[in-house]
Amino acid sequence: WIYAPLNGKPIIVRIAPDTDAPRCGAFLEAGDVIEVVEERLGANNILYLRLADGVGWVFDRKPGVGVLCVRLSSVLASSAAPSDRV
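How each quantity is defined
Residue positions within a chain follow its written sequence, with the count starting from 1. It should be noted that, the model being predicted, local features are given only for residues of pLDDT at least 70 and side-chain atom pairs only at 80 or more, the latter also being counted only at that level, while totals for whole chains, interfaces and linings use all residues. Heavy atoms throughout the structure, all of them, feed into the side-chain values; hydrogens and water do not. Working definition: helices are DSSP H or I runs of at least four residues, strands are E runs of at least two. Numbering for both runs from the N terminus. Any two residues whose heavy atoms approach within 4.5 Å at even a single point are treated as in contact. We define a salt bridge as a contact between a side-chain nitrogen of Lys or Arg and a carboxyl oxygen of Asp or Glu at a distance within 4 Å. Whether a residue is buried, partly exposed or exposed follows from its accessible area with a 1.4 Å probe, protein chains only, as a fraction of its type maximum: under 20%, in between, or over 50%, in that order.

Examining the environment of Trp57
Summarising the element assignment, Trp57 is placed in strand 6 (residues 57-59). It is 5.0 Å that separates the C-alpha atoms of Trp57 and Arg14, two residues lying 43 residues apart in sequence. In this structure, Trp57 is in contact with Val13, Arg14, Ile15, Ala16, Pro17, Glu38, Arg40, Tyr48, Leu49 and Arg50, ignoring residues within four places of it in sequence.

This is the structure:
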């Protein structure tokens, strides 16, 4: 997974899989690659991601903000796609 928010702002990691959960103090910056050990689908189709380092949870999207985290395999696949340029 890669933290790739459209607004470029950092995200503060949560202690539980909820966008309104208390914040733990750790944060991610745009471009940070994260290892995820658990994915949990929540309300509004938000996918909560438990960080492998045990710090807490982030989410793949937030209503009113948009996409925040993208599977790294998706990013690599789109960058490896053949170009239509001549």
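From this point, the discussion proceeds with the structure in view.
Some words on the pattern of salt bridges
According to the stated counting rule, one finds four salt bridges in the structure shown. Across the pair Arg61 and Asp60 runs a salt bridge whose closest N-O atoms are separated by 3.2 Å. Where salt bridges share partners, they join Glu38, Arg40 and Arg50 into one cluster.

Quick notes on unusual backbone geometry
Backbone geometry at Asn44 places phi at a positive 60°, although glycine is not the residue there. Here Asn44 lies in the loop between strand 4 (36-41) and strand 5 (47-51). At Asn45, a residue that is not glycine, the phi angle is positive and equals roughly 60°. Of note, Asn45 is situated in the loop between strand 4 and strand 5. With relative accessibility at 54%, the residue Asn45 sits in the exposed group.

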